[in-house]
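# Secondary and tertiary structure notes
The residues making up each chain are set out below.
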Amino acid sequence: METDSLTKEVLEAQLRENYGKIVYSHKTQEKCADILTRRNNCIKNIQIILAALITTGLLVRVFKGEEWALIISTILSAIQFGFTSFLKEYNLGETIQKHSTAALELFDIREKYLSLLTDLKAGLLTPESIIEKRNELLDDLSKTYKGSPRTFSKAYTQAQQALQINEELTFSDSEIDKFLPLKLRKDN
């Protein structure tokens, strides 16, 4: 009996460690997608502005005959061409989607770890069933990591702030009660 208890303690420690890592991985993938989305939007805005400036310069040249407008439009057009050529190599939309997909898959695995920890604490599982479920989750996690794009330090820093300072995954009892029907609230 003591061995069974010790085994569960050791398993719980490992599950908790894995859960914490997955929480960070999930949030980091979300932050990567957010950062790249902002970057992509900025690039699209720059492209629109360049196109507008080029068009305006050409219209000034055609209707007013200003030579400087043609020169500036030509320079801006060359910049636009270089910018577009550079971006051709990087499909930010696809990368954003991969980070978002990885975050969703990690969210699912994270919730399964949480449920496993809950079942373990409630005494509903034998060490053998805990090991079996843990190994299944590790296989799922391995597959998710293999298909996930690499994250970057800025996203990790933002994830760390979101989790530790902003407490994005932390709720008070009163916050949770607001989401629940009256009969399921803690104060009832």
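Structural data are supplied above this passage.
Keep in mind that this is a model prediction, so the values were computed, not measured.

## Re the overall build of the protein chain
- Tallying secondary structure elements over the protein chain gives 6 helices and 0 strands in all.
- In sequence order, the protein chain lays out its α and β elements as α-α-α-α-α-α.
- The principal-axis extent of the C-alpha atoms belonging to the protein chain is close to 95 × 40 × 25 Å.
- Taking the contacts inside the protein chain whose residues are at least 6 apart along the sequence as the reference set, 79% of them involve residues at least 24 apart.
- Accessible surface, the protein chain as shown: approximately 12,800 Å² in total, 58% of it carbon and sulfur.
- The protein chain carries 25 positive and 26 negative side-chain charges, and their two centres are separated by 7 Å.

## Considering the layout of surface pockets
- Volume-wise, the largest pocket comes out at about 150 Å³.
- Lining the largest pocket are Glu12, Arg16, Tyr19, Gly20, Leu114, Leu117, Thr118 and Lys121.
- Counting only elements with at least two residues in the lining of the largest pocket, the list comes to helix 1 (2–64) and helix 3 (92–121).
- Within the lining of the largest pocket, the residues separate by chemical class into 3 nonpolar, 2 polar and 3 charged.

## Quick word on the environment of Gly20
- Its location among the elements puts Gly20 in helix 1.
- Spatially, the C-alpha atoms of Gly20 and Asn40 are 30 Å apart, while their sequence positions differ by 20 residues.

## Remarks on the packing of helix 1 against helix 3
- Between helix 1 and helix 3, the least distance of the axes is 8 Å, while the angle of their chain directions is 160°. By the angle between their directions, the pair helix 1 and helix 3 is classed as roughly antiparallel. Relative to helix 3, helix 1 is oriented so that their crossing is left-handed.
- In terms of residue class, the contact of helix 1 with helix 3 is made up of 20 nonpolar, 9 polar and 7 charged.

## Here's the deal with helix 2 (residues 67–88)
- Helix length check: helix 2 (22 residues) gives 32 Å between terminal C-alpha atoms against 32 Å at 1.5 Å per residue, within 8%.
- Among all positions in helix 2, only Ala69, Ser73, Leu76, Gln80 and Leu87 are buried. All buried residues of helix 2 lie within an arc of 70° about the axis, which places them on one face of the element. Relative to its buried face, helix 2 has exposed residues pointing more than 90 degrees away, namely Phe81 and Phe86.
- Buried-residue contacts for helix 2 involve helix 1.

## A short note on the packing of helix 1 against helix 2
- Running from N to C, helix 1 and helix 2 point in directions that differ by 155°, and their axes come no closer than 8 Å. Comparing their axes, helix 2 and helix 1 come out roughly antiparallel. In this structure, helix 1 meets helix 2 at a crossing whose hand is left-handed. Between helix 1, through Ile43, Ile46, Gln47, Leu50, Ala51, Leu53, Ile54, Gly57, Leu58, Val60 and Arg61, and helix 2, the contact on the second element is made entirely by Glu67, Trp68, Ala69, Leu70, Ser73, Leu76, Ser77, Ile79, Gln80, Phe83, Thr84 and Leu87.
- When its residues are assigned to classes, the contact of helix 1 with helix 2 shows 15 nonpolar, 6 polar and 2 charged.

## Concerning the pattern of salt bridges
- Taken as a whole, this structure holds 9 salt bridges when the rule is applied.
- Where Lys31 meets Glu168, a salt bridge forms, and the shortest distance between an N and an O atom there is 3.8 Å. Taken as a pair, Lys31 in helix 1 and Glu168 in the loop between helix 5 (153–165) and helix 6 (173–179) lie far apart in primary sequence, 137 residues in all.
- For Lys31, a relative accessible area of 14% translates into the label buried.
- For Glu67, the salt bridge is made with Arg61, and the minimal N-O distance between the two is 3.4 Å.
- Take Arg61: its relative accessible area is 28%, and that puts it in the partly exposed class.
- In this structure, a network of salt bridges that share partners links the residues Lys27, Glu30, Lys31 and Glu168.

What counts as what
- Residues numbered from 1 in each chain as written.
- Predicted model: local features only at pLDDT ≥ 70, side-chain atom pairs only at ≥ 80, totals over all residues.
- Heavy atoms only, no water.
- Helix = DSSP H or I, 4+ residues; strand = E, 2+ residues; numbered from the N terminus.
- Contact = heavy atoms within 4.5 Å.
- Areas by Shrake-Rupley, 256 points an atom, 1.4 Å probe, with all protein chains shown as cover.
- Lys, Arg positive; Asp, Glu negative; His and termini not counted.
- Charge placed at Lys NZ, Arg CZ, Asp CG, Glu CD.
- 1 Å grid on protein atoms, 1.4 Å probe; cavity = no way out; pocket = protein on both sides within 12 Å on 5 of 7 lines; lining within 4 Å.
- Points joined across faces, edges and corners; volume = space filled by probe spheres on them.
- Nonpolar A, V, L, I, M, F, W, Y, C, P; charged D, E, K, R; others polar.
- Axes fitted to C-alpha atoms, helices over the stretch in contact; angles between N-to-C directions.
- Parallel < 35°, antiparallel > 145°, perpendicular 65-115°, else oblique.
- Left-handed = near helix turned anticlockwise from the far one by under 90°.
- Expected span 1.5 Å × (residues − 1).
- Buried < 20%, exposed > 50% of the residue type's maximum accessible area, 1.4 Å probe, protein only.
- Arc of directions from axis to C-beta.
- Salt bridge = Lys/Arg side-chain N within 4 Å of Asp/Glu carboxyl O.

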